[in-house]
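Listed here are the chains, written in short residue letters.
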Amino acid sequence: MTAEDQTPALLRRLPADRTLVMGVLNVTPDSFSDGGLHASVPAAIEHGRALLAAGADIVDVGGESTRPGAAFVTEEQEQERILPVIEQLLAEGAVLSVDTRHTATARAALALGDVIVNDVSGLNHEPDMPALIAATGAPYILMHNRGTPTTMDALADYGDVVEDVIAELIEVRQRFYDAGVAPEQLILDPGLGFAKAGEQNWELLRGLDRLTPLGHPVLVAASRKRFLGTLLQGQPGHTHDDGASPSPTQRDAATAAVSALSAHYGAWAVRVHDVPPTADAVRAAAAWRGKETV
């Protein structure tokens, strides 16, 4: 069987001439950036449609916040939030990923149709997740992470953060290979902000060209994260009397800049909350590299 034959059909539906844009759809009351804005099923469906209309290639639907310190939700709560949204958007032809750490939720989403499984649990993935991905042939985003939302901030201790992240991604990748997952099913995510502190995130971005030789598409998910707030804190246009970091929405221009640079360095996709500036950014990057006619 050729590599093309093993590439999931869902991935072959997506544009291949530029970096893709994944729009974030948080069906949660407590996500760090937009928790509560789209917490009801009707509001989430409408926002999913808006993301697609704005230029998102993929909509990433999540029902559990994974910000540092976030409280756990049950699988039942998570599924109650997201499955009706997934079902409706799939019926409208959207390409979706399901942002979940739980095999049961991934299985329930896949029962509704073809979706990408976006699992942020990293080294601590649920033990039956590899078997599910092997059995279904679904695309799987393997993200680097250590610990849980309540412990990961204390685990950002690395020698060389790029080398350590690569080594740990390879370790987890092998578990999926051992379960029968094809290499073409896997997408890698360095896990910016997950068990990473400040400058470590920039080191990972500067090392993006060391991830792509692993032979998998690479997803960059920098949108509105703390390290961008730290970069902008106190800068013109971002000065606050109390010295506070810029709000998440005030980080969108920096996010678009990271998206453009990630596209330049070969990212398969970028995951963002504010789609229009990043959709423009990745197209500009593609044109600059001669990959898209303007």
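Residues numbered from 1 in each chain as written. Predicted model: local features only at pLDDT ≥ 70, side-chain atom pairs only at ≥ 80, totals over all residues. Heavy atoms only, no water.

(A) Focus on the overall build of the chain. A count of helices and strands for the chain gives 12 helices and eight strands. Taken against the 2.2 N^0.38 rule, which gives 19 Å for 294 residues, the C-alpha radius of gyration of the chain at 18 Å falls within 12% of a compact globule. If you line up the chain on its principal axes, its C-alpha atoms span 55 × 45 × 40 Å. Looking at the chain as a whole, 54% of its 294 residues are labelled buried. For the chain, the proportion of contacts with a sequence separation of at least 24, taken over those separated by at least 6, is 69%. (Helix = DSSP H or I, 4+ residues; strand = E, 2+ residues; numbered from the N terminus. Rg over C-alpha atoms; globule rule 2.2 N^0.38 Å. Buried < 20%, exposed > 50% of the residue type's maximum accessible area, 1.4 Å probe, protein only. Contact = heavy atoms within 4.5 Å.)

(B) Main features of helix H3 (residues 41-53). Along its 13 residues, H3 runs 18 Å from first to last C-alpha, staying within 8% of the 18 Å computed at 1.5 Å per residue. Along its buried surface, H3 packs onto strand S1 (20-26), strand S2 (58-62), helix H4 (75-91) and helix H12 (275-288). Among the residues of H3, the N-terminal cap falls to Ser 40, whose side-chain oxygen and the backbone nitrogen of Ala 43 are separated by 3.2 Å. Directly after H3, the chain includes Gly 55, whose backbone phi takes a positive value near 120°. (Expected span 1.5 Å × (residues − 1). Polar contact = N/O pair within 3.5 Å; in protein donor to acceptor, adjacent residues only side chain to side chain.)

(C) The arrangement of the side chain of Gln 185 in detail. Relative to the assigned elements, Gln 185 resides in the loop between helix H7 (161-178) and strand S6 (186-189). With a relative accessible area of 5%, Gln 185 lands in the buried category. A polar side-chain atom of Gln 185 sits 3.0 Å from the main-chain carbonyl oxygen of Ile 133. In this view, Gln 185 contacts Pro 8, Ile 133, Gly 137, Ala 138, Pro 139 and Tyr 140; residues no more than four positions away in its chain are not counted.

(D) Representation of the nonpolar core. Leu 25, Val 61, Ile 86 and Leu 96 are the most contacted members of the largest nonpolar core, which has 68 residues in total. It is H7 that contributes the most residues to this core, seven residues altogether. Beyond its immediate stretch of four places on either side in the chain, Leu 96 contacts Leu 10, Ile 58, Val 59, Val 61, Ile 86, Leu 89, Leu 90, Val 115 and Ile 116. (Core = buried A, V, L, I, M, F, W, Y, C linked by side-chain atoms within 4.5 Å.)

(E) Looking closely at the sheet that holds strand S4 (residues 116-119). Read from one edge to the other, the open sheet built from eight strands follows the order S6-S5-S4-S3-S2-S1-S8-S7, with strand pairing classed as parallel. The sheet terminates laterally at S6 and strand S7 (219-220), the two strands that pair on one side only. Here five bridges tie S1 to S2, and the two strands are oriented parallel to one another. Of the residues in S2, the one forming a bridge with Gly 23 is Val 59. Docked against the sheet, H12 engages S1 and strand S8 (269-272), running at close to 165° with respect to S1. (Pairing = 2+ DSSP bridges. Axes fitted to C-alpha atoms, helices over the stretch in contact; angles between N-to-C directions.)

(F) Quick look at the environment of Pro 277. Secondary-structure assignment places Pro 277 in helix H12. Pro 277 sits in the partly exposed class, given a relative accessible area of 30%. Between the alpha carbons of Pro 277 and Ala 256 there is a distance of 5.9 Å; along the sequence they are 21 residues apart.

(G) Expanded view of the pairing of S2. Here S2 lies mainly inside the structure; five of its five residues are buried. Going residue by residue along S2, you find Ile 58, Asp 60 and Gly 62 tucked away on one face and Val 59 and Val 61 tucked away on the opposite face as well. Taken together, the four bridges between S2 and strand S3 (residues 96-99) define a ladder with parallel strand orientation. When the sheet's bridge partners are listed, Val 59 is paired in S3 with Leu 96.

(H) Quick peek at the packing of H7 against helix H8 (residues 199-206). Following both chains from N to C, one finds H7 and H8 inclined at 70°, their axes separated by 9 Å at the closest point. When the interaxial angle is binned, H7 and H8 end up roughly perpendicular. When H7 is examined against H8, the residues Val 161, Val 162 and Val 165 are found in contact with a partner set consisting of Gln 200, Glu 203 and Leu 204. Here the contact of H7 with H8 is composed, by residue class, of four nonpolar, one polar and one charged. (Parallel < 35°, antiparallel > 145°, perpendicular 65-115°, else oblique. Nonpolar A, V, L, I, M, F, W, Y, C, P; charged D, E, K, R; others polar.)

(I) Representation of unusual backbone geometry within the structure. Residues other than glycine seldom take positive phi values, yet Ala 195 does so here, at roughly 55°. Structurally, Ala 195 is set in the loop between S6 and H8. Unlike most non-glycine residues, Arg 224 shows phi in positive territory, near 60°. Along the chain, Arg 224 turns up in the loop between S7 and helix H10 (226-232).

(J) Focus on the pattern of salt bridges. Using the criterion set out here, one finds 13 salt bridges in the structure. We note a salt bridge from Arg 18 to Asp 57, for which the minimum N-O separation is 2.9 Å. Taken together, the residues span a long stretch of sequence, with Arg 18 in the loop between helix H2 (9-12) and S1 and Asp 57 in the loop between H3 and S2 at a distance of 39 residues. Asp 57 sits in the buried class, given a relative accessible area of 13%. Its salt-bridge partner being Arg 49, residue Glu 92 comes within 2.5 Å of it at the nearest N-O pair. Placement of the pair is Glu 92 in the loop between H4 and S3 and Arg 49 in helix H3, with a sequence separation of 43 residues. Salt bridges sharing partners connect three or more residues here, namely Glu 46, Arg 49 and Glu 92. (Salt bridge = Lys/Arg side-chain N within 4 Å of Asp/Glu carboxyl O.)

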